[in-house]
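In case you want the letters, here they are:
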Amino acid sequence: MMSEQEEFYIDSLIAKYIVGEISPSEEKELKEWCALSEENQKVLDDELLIFQKQI
């Protein structure tokens, strides 16, 4: 389980990823986090889907 601070950090990485403002090192971190579990990957996929529905 992530701490609130870790969750906020991952959320900020996801937001940067979605809008294309993520740095290469941050993207590597995000991809590593996604690789840790299917649930993590689902969080990213769900956020992308929500964003795509809004544009």
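In the block above lies the structure referred to throughout.
Note that the structure is a prediction, hence the values are computed from the model and not measured. (Residues numbered from 1 in each chain as written. Predicted model: local features only at pLDDT ≥ 70, side-chain atom pairs only at ≥ 80, totals over all residues. Heavy atoms only, no water.)

Moving on to the overall build of the chain. Counting secondary structure elements, the chain contains three helices and zero strands. Each helix and strand of the chain, ordered N terminal to C terminal, gives the series α-α-α. Relative to the globule expectation of 10 Å for 55 residues, the C-alpha radius of gyration of the chain, 11 Å, shows essentially globular dimensions. Overall, the chain is about 30 × 25 × 20 Å in size when its C-alpha atoms are taken along their principal axes. For the chain, the proportion of its 55 residues judged to be buried stands at 20%. Here the contacts in the chain between residues at least 6 apart in sequence split such that 30% fall between residues at least 24 apart. As displayed, the chain has an accessible area near 4400 Å², and 55% of this comes from carbon and sulfur atoms. (Helix = DSSP H or I, 4+ residues; strand = E, 2+ residues; numbered from the N terminus. Rg over C-alpha atoms; globule rule 2.2 N^0.38 Å. Buried < 20%, exposed > 50% of the residue type's maximum accessible area, 1.4 Å probe, protein only. Contact = heavy atoms within 4.5 Å. Areas by Shrake-Rupley, 256 points an atom, 1.4 Å probe, with all protein chains shown as cover.)

Under the counting rule described, the total for this entry stands at four salt bridges. Measuring nitrogen to oxygen at the nearest pair gives 2.7 Å for the salt bridge that ties Glu26 to Lys16. Taken together, the positions of Glu26 in helix H2 (residues 24-36) and Lys16 in helix H1 (residues 4-19) put the pair ten residues apart, joining distant regions of the chain. Here Lys16 falls in the partly exposed class, since its relative accessible area comes to 31%. As a salt-bridge pair, Glu27 and Lys31 come within 3.8 Å of each other at their nearest N and O atoms. Pair noted here: Glu27 and Lys31 are both in helix H2, with a separation of four residues, about one helical turn. Residue class for Glu27 comes out partly exposed when judged on its relative accessible area of 27%. (Salt bridge = Lys/Arg side-chain N within 4 Å of Asp/Glu carboxyl O.)

By themselves, these observations are geometric and do not establish any function.
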